[in-house]
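# Breakdown of the fold
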Amino acid sequence: MTEEKEPSIPVPRIPKGRMETLTDGIFAIAMTLLVLSLEVPTLPSNPTPTIINDYIFNLLLPQIGIYIISFAILGGFWLNHYVFYGIKHVDNSLQWLNIFWLMSIAIVPFSTSLMSTYGQYQFAEIIFALNMLVIGILYYSLFNYALNHEMLYEQVLPYANMIKRSNLLLPVISLIAILISFITSVGTILIFLLVPVLLNIRNMANKKKQTE
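Let me begin by describing the structure that accompanies this report. As the structure is a computational prediction, the values presented were derived from the model and not from experiment.

## Considerations on helix 3 (residues 92-106)
- Helix length check: helix 3 (15 residues) gives 21 Å between terminal C-alpha atoms against 21 Å at 1.5 Å per residue, within 8%.
- Those residues of helix 3 not exposed but buried are L94, N98, W101, L102, S104 and I105. Looking straight down helix 3, one finds that the buried residues subtend no more than 155 degrees of arc, so they occupy a single side. More than 90 degrees from the buried face of helix 3, the exposed residues found are N92 and W96.
- At its buried positions, helix 3 is contacted by helix 1 (17-33), helix 2 (49-80), helix 4 (108-118) and helix 5 (122-148).
- At the N-terminal end of helix 3, a side-chain oxygen is found 3.3 Å from the backbone nitrogen of S93, two or three residues along, and the residue is D91.

## Here we look at the packing of aromatic side chains
- Tallied over the entire structure, the rule returns ten aromatic pairs.
- Where W101 meets Y139, the ring centres are 5.2 Å apart and the plane angle is 40 degrees; that geometry is what we call tilted. Placement of the pair is W101 in helix 3 and Y139 in helix 5, with a sequence separation of 38 residues. In this structure, W101 and Y139 share a single accessibility class: buried.

## A closer look at the nonpolar core
- Ranked by size, the top nonpolar core spans 45 residues in total, and within it F27, L74, F77, W101, M132, I135 and F192 carry the most contacts.
- Residue assignment for this core shows that the elements contributing at least two residues are helix 1, helix 2, helix 3, helix 4, helix 5, helix 6 (160-166) and helix 7 (169-181).
- A total of twelve residues in this core trace back to one element, the largest contributor, which is helix 5.
- In contact with L74, not counting residues within four places along its chain, are F27, A30, M31, L34, I105 and V108.

## Details of unusual backbone geometry
- We note that E150 has phi near 55 degrees; this positive angle belongs to a residue other than glycine.
- Assignment of secondary structure puts E150 in the loop between helix 5 and helix 6.
- You can call E150 exposed: its relative accessible area is 66%.

## Points about the environment of S166
- In this fold, S166 is placed in helix 6.
- In this structure the C-alpha to C-alpha distance between S166 and Y140, which are 26 residues apart in sequence, comes to 8.9 Å.

## Some details on the packing of helix 2 against helix 4
- It is at 9 Å that the axes of helix 2 and helix 4 come closest, and there the two elements cross at 155 degrees. Considering the angle they form, helix 2 stands roughly antiparallel to helix 4. Remark: the crossing between helix 2 and helix 4 carries right-handed chirality. The residues of helix 4 that touch helix 2, namely those facing Q63, I66, S70 and L74, are V108, T112, M115 and S116.

## Quick look at the side chain of N131
- For N131, the position within the fold is in helix 5.
- Residue classification places N131 among the buried positions, given a relative accessible area of 7%.
- Among the polar contacts listed, one links the side chain of N131 to the backbone oxygen of S104, at a separation of 3.0 Å.
- Contact partners of N131, with chain neighbours within four places excluded, come to S104, I107, V108 and S111.

## Here we look at helix 2
- Spanning 32 residues, helix 2 covers 44 Å between terminal C-alpha atoms, matching the ideal 46 Å at 1.5 Å per step.
- The set of residues buried in helix 2 consists of Y55, Q63, I66, I69, S70, I73, L74, G75, G76, F77 and N80.

## Notes on the packing of helix 3 against helix 5
- Two elements in contact, helix 3 and helix 5, have axes whose closest approach is 9 Å; the angle formed by their N-to-C orientations is 160 degrees. As far as their axial angle goes, helix 5 and helix 3 are roughly antiparallel. Between helix 3 and helix 5 lies a crossing whose hand is left-handed. Between helix 3 and helix 5, the residues in contact are S93, L94, L97, N98, F100, W101, S104 and I105 and N131, V134, I135, L138, Y139, S141, L142 and Y145, respectively.

Procedures and definitions
- Each chain has its residues counted from 1, following the order in which its sequence is written.
- Residue-level local features of this predicted model are given only where pLDDT is at least 70; pairs of side-chain atoms are given and counted only at 80 or more, and the full residue set underlies all totals for whole chains, interfaces and linings.
- Think of the side-chain values as coming from all heavy atoms in the structure, minus any hydrogens and water.
- Here a strand is any run of E in DSSP of at least two residues, a helix any run of H or I of at least four, and the numbering for each starts at the N terminus.
- One fewer than the residue count of a helix, multiplied by 1.5 Å, yields its expected span.
- Burial status follows relative accessibility: with a 1.4 Å probe on protein chains alone, a residue under 20% of its type maximum counts as buried, one over 50% as exposed, and anything between as partly exposed.
- As used here, the arc belongs to the directions running from the helix axis to the C-beta atoms.
- Contacts were defined at the residue level, with two residues in contact if any of their heavy atoms lie within 4.5 Å.
- In protein, a polar contact requires one atom able to donate a hydrogen and another able to accept it; more generally it is a pair of N or O atoms within 3.5 Å, and residues adjacent in sequence count only if both atoms are side-chain atoms.
- Aromatic rings from Phe, Tyr and Trp, with only the six-membered ring used for Trp, were paired whenever their centres fell within 6.5 Å, and each pair was classed as stacked if the ring planes differed by under 30 degrees, edge-to-face if by over 60, and tilted otherwise.
- Residue types Ala, Val, Leu, Ile, Met, Phe, Trp, Tyr and Cys, when buried and joined through side-chain atoms within 4.5 Å, form a set referred to as a nonpolar core.
- Axis definition: a line fitted to C-alpha atoms, over the contacting stretch in the case of helices. Angles run 0 to 180 degrees between N-to-C directions.
- Roughly parallel covers angles under 35 degrees, roughly antiparallel covers those over 145, roughly perpendicular covers 65 to 115, and oblique covers all other angles.
- Whether a crossing is left-handed or right-handed is set by the direction in which the near helix is turned from the far one by less than a right angle, anticlockwise for left-handed and clockwise for right-handed.

If you want it as structure tokens, here you go:
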């Protein structure tokens, strides 16, 4: 007699709505908390124009610049999270990857505040760049996992390899920023402005290909 095979238990397909809701919430909180990196100064009762100018140009403007860069990076990743609309369903592993990715997103207000306060020191630059590196690696892993486990809609597959390559953008820029920090501490964070710019260029290229 031949042994009867036990019927395989289908893997449950988890709707992705809760993952998207959690992601939107974390981004909203993290982007709001970034404003805490802007410190209100404690000035003398009768500050001189020299003291005020020193505060504006040496403290306030660098803090605003770091705030804008961090906000633009998070905004770019929130906008590019639309690629997950190309995912049909999720599983527990993908949800955990997303949770770890959101954990790295939630740390951005801290690394930004560190850069605002100690931006002249290399350790602050490296911590900020490492934060960006982890965000980029986990973001790449999320899409790569969905692709390898056949979770993408068929319409997304022709663009999958291009999306994967562009998702390496932040990790590469982060590694470059870390290397530059060993050479100079001036303007290292400015390299991260390339992230939202290049992500938008990628999006425009995608739209152009879709309309052709």
